[in-house]
Amino acid sequence: MKLRYQEKSFPLVVNPDFEKQVLPKLPLTLTFKLNGGHEYFGQLPTTIDYSADLTAKVAAGSIYFFQDWQAFSLNFGDQDIAPYQVSRLGSFPAELLSILQKKADSLELTLTE
């Protein structure tokens with residue numbers, strides 16, 4: 001799976017079980033909103049059933065999924081989000097991390113195969 005921002009594509013390393021559920025729905029263009037000063041999240045327009053590997057500690061450069069909100073999250077800062085728990089899905093490259101750390105209010109990103 002890849003994430004496209006403007007004209008650049010970034011390869012994602014994503015859990016295969018999650019990827020199987022999302023691939024048939026791609027491409028998906030989502031508005032990712034800045035949240036909590038440590039992440040961008042975008043709500044999926046479809047229901048995905050995935051709640052494995054739950055954690056309350058998120059790390060920069062990692063991708064997470066919050067089942068209750070159907071939110072796909074890109075973290076650019078380490079954070080303890082307790083009492084919430086999210087599933088770690090994988091990671092994204094450092095080049096994308098530097099874009100996220102600029103902290104725009106929102107970003108339009110497209111998930112592709």
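Below is a short write-up of the structure. It should be emphasised that the depicted structure is a prediction, and the values quoted were computed from it without experimental measurement. (Residues numbered from 1 in each chain as written. Predicted model: local features only at pLDDT ≥ 70, side-chain atom pairs only at ≥ 80, totals over all residues. Heavy atoms only, no water.)

In this chain, Leu-26 is followed by Pro-27 through a cis amide linkage whose omega measures 0 degrees. Examined against the element boundaries, Pro-27 turns out to sit in the loop between helix 1 (16-22) and strand 4 (28-35). Geometrically, the link from Ala-82 to Pro-83 is a cis peptide bond, its omega value of 15 degrees lying close to zero. When you line up the elements, Pro-83 lands in the loop between strand 10 (79-80) and strand 11 (86-91). For Gln-70, which is not glycine, the phi torsion reads 55 degrees and is therefore positive. Among the secondary structure elements, Gln-70 is positioned in the loop between strand 8 (62-66) and strand 9 (71-75). Judged by relative accessible area, Gln-70 falls into the buried class, the value being 11%. Even without being glycine, Lys-103 reaches a positive phi, approximately 60 degrees. (Helix = DSSP H or I, 4+ residues; strand = E, 2+ residues; numbered from the N terminus. Buried < 20%, exposed > 50% of the residue type's maximum accessible area, 1.4 Å probe, protein only.)

Here we take up the pairing of strand 8. The element strand 8 is extensively covered by neighbouring structure, given that five of its five residues are classed as buried. Across the two faces of strand 8 the burial is the same, with Ser-62, Tyr-64 and Phe-66 and Ile-63 and Phe-65 all buried. In the sheet, strand 8 pairs with strand 11 via four bridges, with the strands oriented antiparallel. Residue Phe-65 lies in a different strand from strand 11, and its bridge partner there is Ser-87. As judged from the four bridges shared by strand 8 and strand 9, these two strands associate in the antiparallel manner. Residue pairing across strands places Phe-66 opposite Ala-71, the latter belonging to strand 9. The turn linking strand 8 back onto strand 9 is made up of four residues, and Gln-70 within it adopts a positive phi angle of 55 degrees. (Pairing = 2+ DSSP bridges.)

Turning next to the pairing of strand 1 (residues 2-5). Residues Leu-3 and Tyr-5 of strand 1 are buried on one face, while the alternating residues Lys-2 and Arg-4, pointing to the opposite face, are not. As paired elements, strand 1 and strand 2 (residues 8-11) share four bridges and run antiparallel to each other. Bridged to Arg-4 within strand 2 is Ser-9. Here four bridges tie strand 1 to strand 12 (residues 106-112), and the two strands are oriented antiparallel to one another. When the bridges of strand 12 are listed, Lys-2 appears paired with Thr-112.

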